[in-house]
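# Analysis of the macromolecular model
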Amino acid sequence: MVHPGSIVILDFGGQYAHLIANRVRRLGAFSEIRVSETSASDLKGAAGIILSGGPQSVYEKGSPTADPGILKLGIPILGLCYGHQWLAQALGGKVTPGKTKEYGHTVIEKVGESSIFKGLPEQMTVWMSHGDEVTTLPAGFSVIAKSDVCGMA
């Protein structure tokens, strides 16, 4: 079981899970890091779930996964890098190798409305680290940001 009201970071093997947890704590929320395969039943009571990055491709055999039951918990989920790609694929979207890899500081541009960007500028510099990209969104999703290289950032 998770600490009630915590933000849980599911770690897909990326190098930034602890940095994400630290940032969440600095924003005043309790955070926990769990392995990506943590069962959905163990995540009940969390305030939110962040899916971390990872070095593999979601379409490769044996790549890390999460319990699809997390999608039915009614808890907000934020996917970052690999987590973004896993989430898209798990919900019926498509992930393919990108034409160009992005690594390091990258400018993204808001192209849709989302409360996640409330109070942020139309363009901002973020950290990107990926070679794959979501090329088809799952039903019901919309693009809210893009970079010069990635149309669904």
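As shown above, the structure is provided for reference.
Now for a look at the structure at hand. (Residues numbered from 1 in each chain as written. Predicted model: local features only at pLDDT ≥ 70, side-chain atom pairs only at ≥ 80, totals over all residues. Heavy atoms only, no water.)

### A look at the overall build of the protein chain
- In terms of regular secondary structure, the protein chain is built from two helices and seven strands.
- Each helix and strand of the protein chain, ordered N terminal to C terminal, gives the series β-α-β-β-β-α-β-β-β.
- In terms of C-alpha radius of gyration, the protein chain reaches 15 Å, essentially the compact-globule figure of 15 Å for 153 residues.
- Taking the principal axes of its C-alpha atoms as reference, the protein chain extends roughly 40 × 40 × 30 Å.
- In the protein chain, the proportion of contacts linking residues at least 24 apart, taken out of those at least 6 apart, comes to 70%.
- Surface exposure of the protein chain reaches about 8,700 Å², of which carbon and sulfur atoms provide 55%. (Helix = DSSP H or I, 4+ residues; strand = E, 2+ residues; numbered from the N terminus. Rg over C-alpha atoms; globule rule 2.2 N^0.38 Å. Contact = heavy atoms within 4.5 Å. Areas by Shrake-Rupley, 256 points an atom, 1.4 Å probe, with all protein chains shown as cover.)

### Focus on the nonpolar core
- By size, the foremost hydrophobic cluster in this structure holds 20 residues, and its most contacted members are Leu10, Leu43, Ile49, Leu51, Ile70 and Trp86.
- When residues of this core are traced back to their parent elements, those giving at least two are β1 (7–11), β3 (48–51) and α2 (82–90).
- The leading source of residues in this core is α2, at four residues.
- Leaving out residues up to four positions away in the same chain, Ile70 has contacts with Leu10, Ala40, Leu43, Ile49, Leu51, Ile77 and Trp86.
- Among the nonpolar cores identified, the runner-up in size contains seven residues, and Ile9, Ala17, Val24 and Ile50 belong to it. (Core = buried A, V, L, I, M, F, W, Y, C linked by side-chain atoms within 4.5 Å. Buried < 20%, exposed > 50% of the residue type's maximum accessible area, 1.4 Å probe, protein only.)

### Topic: the sheet that holds strand β7 (residues 145–147)
- The antiparallel open sheet is built from three strands, whose spatial order is β6-β5-β7. At either margin of the open sheet sits one strand with a lone partner, and together these are β6 (123–136) and β7. Mean inter-strand twist for the sheet, computed between neighbouring axes without regard to direction, equals 45°.
- Direction of pairing for strand β5 (residues 94–110) relative to β7: antiparallel, over a ladder of three bridges. (Pairing = 2+ DSSP bridges. Axes fitted to C-alpha atoms, helices over the stretch in contact; angles between N-to-C directions.)

### Some thoughts on the side chain of Ser63
- Tracing the chain through its elements places Ser63 in the loop between β3 and β4 (77–79).
- The exposure class of Ser63 is buried, given its relative accessible area of 14%.
- Here Val58 takes part through its backbone oxygen, which lies 3.2 Å from a polar atom of the side chain of Ser63.
- Dropping the residues within four chain positions of it, Ser63 is found in contact with Gln56, Ser57, Val58 and Tyr82. (Polar contact = N/O pair within 3.5 Å; in protein donor to acceptor, adjacent residues only side chain to side chain.)

What is shown is where atoms sit, not what they do.
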